[in-house]
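# Structural characterization, general
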Amino acid sequence: MRLHSFAATLLLFATLALPACARQSPSSIAGDTQRADALATAMASTPAGTESVGIPSDGPAEVSSKAGNAAAAMQLSPMVVHKSEFCGCCGQWVDHMRKAGFQVEVRNTEDMNPIKQQLGVPAGKGSCHTAQVGGYFIEGHVPAEDVMRLLVEKPDARGLAVPGMPAGSPGMEMPDGRVQPYTVELVGNDGSSSVFTRHGQ
């Protein structure tokens, strides 16, 4: 059994921090260092279908440090989500982020294009909602653990994007649990993109 990848570790952190149907305040989740410590000792295989790119396996000490950093990053980085008032899957994605511990402010708008252009979302990489957190944009149905990883690693980039609306991504869950393979892309300052994480493989 190998150690968690960082993304899988943070996914487990979100899972331990809040049961699927529970509703807790974001501050209580983000500040729960006891759960972060418990996460540091959790040693299990990576969930099937998730592949973090460019992240080596970590030992318990490194996992503990990164879990604590993720909690601090969420607490210090409130998120603003721009979406249509009538977008159901956007609202479900907001719920996903709040359950993971993010403090989310929702700004409803029917004209998303100026916001995407201002934040530097490349053409062809758009989705139904656009978020801002920690100086980055988060475009589309990006999983919470990938956003946590972004805030901890702080790459020199514009943000993360999941183009389109892949079935099974957060906010687009399927009744049968099916996940359409999709890629979370890291968008560089020059507008180029590279693989950040793959899901549903």
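Residues numbered from 1 in each chain as written. Predicted model: local features only at pLDDT ≥ 70, side-chain atom pairs only at ≥ 80, totals over all residues. Heavy atoms only, no water.

## Description of the overall build of the protein
Selection criterion: We count a stretch as a helix when DSSP gives it H or I for four or more residues in a row; a strand needs E for two or more, and each element gets its number in order from the N terminus. Here's how the labels work: a residue is buried when its accessible area is under 20% of the maximum for its type, exposed when over 50%, partly exposed in between, all with a 1.4 Å probe on protein chains only. To measure how exposed things are, a 1.4 Å probe is used in the Shrake-Rupley method; for residues, cover is taken only from the protein chains shown.
Regarding its fold elements, the protein presents 7 helices and 8 strands. Within the protein, the fraction of its 201 residues that count as buried is 48%. When the accessible surface of the protein is split by element, carbon and sulfur atoms take 52% of a total near 9100 Å².

## Describing the state of the cysteines
Quick note on the threshold: By definition, disulfides here are pairs of cysteine sulfur atoms that lie within 2.5 Å.
Inspection of the entire model under this criterion finds 1 disulfide. Bridging C87 to C90, the disulfide has an S-S length of 2.2 Å. Measuring handedness by torsion sign, the sulfur bridge of C87 and C90 sits at about 70° and is right-handed. Both residues of the pair, C87 and C90, belong to the buried class. Among the cysteines around C89, which has no disulfide bond, C128 carries the closest sulfur, lying 3.6 Å off. Relative accessible area serves as the criterion here: at 12%, C89 is assigned to the buried category. Not part of a disulfide, C128 finds its nearest cysteine sulfur in C90, a span of 3.6 Å.

## Considerations on the pattern of salt bridges
Heads up, the rule is: Any Lys or Arg side-chain nitrogen found within 4 Å of a carboxyl oxygen on Asp or Glu counts as a salt bridge.
If you walk through the whole model with that rule in mind, you get 5 salt bridges. Ionic pairing is found between K116 and E139, a salt bridge with its closest N-O pair at 2.4 Å. Within this pair, whereas K116 is found in helix α6 (residues 113-119), its partner E139 is found in strand β5 (residues 136-139), the two being separated by 23 residues in sequence. Assessed through its relative accessible area of 11%, K116 is described here as buried. The exposure class assigned to E139 is buried, which follows from its relative accessible area of 0%. With a shortest N-O distance of 2.7 Å, E185 and K125 are connected by a salt bridge.

## Comments concerning the packing of aromatic side chains
Put simply, the test is: For Phe, Tyr and Trp, rings pair up if their centres lie within 6.5 Å, where Trp contributes its six-membered ring, and each pair is then called stacked (planes under 30 degrees apart), edge-to-face (over 60) or tilted (otherwise). Working rule: Lys NZ or Arg CZ, within 6 Å of ring centre, within 35 degrees of ring normal, means a charge sits over the ring.
Within the structure shown, the criterion is met by 0 aromatic pairs. The ring of F196 carries the charged tip of R149 above its face, separated from the ring centre by 3.8 Å.

## Focus: helix α5 (residues 88-99)
Rule in force here: Every helix has an expected span of 1.5 Å times one less than the residues it contains. Here, the arc refers to the directions that run from the helix axis to the C-beta atoms. Any pair of residues with heavy atoms lying within 4.5 Å of one another is described as a contacting pair.
Over its 12 residues, α5 extends 17 Å from the first C-alpha to the last, a length consistent with the 16 Å expected when each residue adds 1.5 Å. For α5, every residue scored as buried is listed here: C89, C90, W93, V94 and M97. For α5, the angular spread of the buried residues around the axis is 150°, confining them to a single face. Where α5 is buried, its residues touch β2 (79-83), β3 (104-108), β4 (130-133), β5 and α7 (144-153).

## Section: α7
The periodicity of an α-helix, 3.6 residues per turn, causes residues three or four positions apart to be oriented the same way. Counted residue by residue, α7 has 8 buried out of 10 residues, so it is predominantly covered. Regarding α7, the residues found buried are A144, E145, D146, V147, M148, R149, L150 and L151. Of the residues one or two after α7, K154 is the one with positive phi, at around 50°.

## Describing the environment of K116
Inclusion rule: Polar contacts, as used here, are pairs of N or O atoms within 3.5 Å; protein pairs need one atom able to donate a hydrogen and one able to accept it. Residues neighboring in sequence count only if both atoms are side-chain atoms.
Residues K116 and S127, 11 residues apart in the sequence, show an inter-C-alpha distance of 9.7 Å. In this structure, K116 is in contact with V121, S127, H129, T130 and E139, ignoring residues within four places of it in sequence. At a separation of 2.4 Å, a polar atom in the side chain of K116 contacts the side chain of E139.

## With respect to the pairing of strand β8 (residues 193-199)
We apply this condition: One requirement defines pairing of two strands: DSSP has to find at least two bridges between them.
In terms of strand pairing, strand β7 (residues 182-188) meets β8 through 6 bridges, oriented antiparallel. Looking at β8, one finds that V187 is bridged to S193. Linking β7 back to β8 in an antiparallel pair, the connection comprises 4 residues, with G191 at a positive phi of about 90°.

## Some words on the confidence of the model for the protein
Close reading of the predicted structure is inappropriate where its pLDDT is low. Put simply, the test is: Each residue carries a pLDDT score, the predictor's own confidence in it, on a scale running from 0 to 100.
Of all residues in the protein, 62% attain a pLDDT of 70 or more, and the chain-wide mean is 76. Ignoring residues within four places in sequence, the model shows residues 1-48, a span with pLDDT below 50, making 85 contacts including any to other chains.

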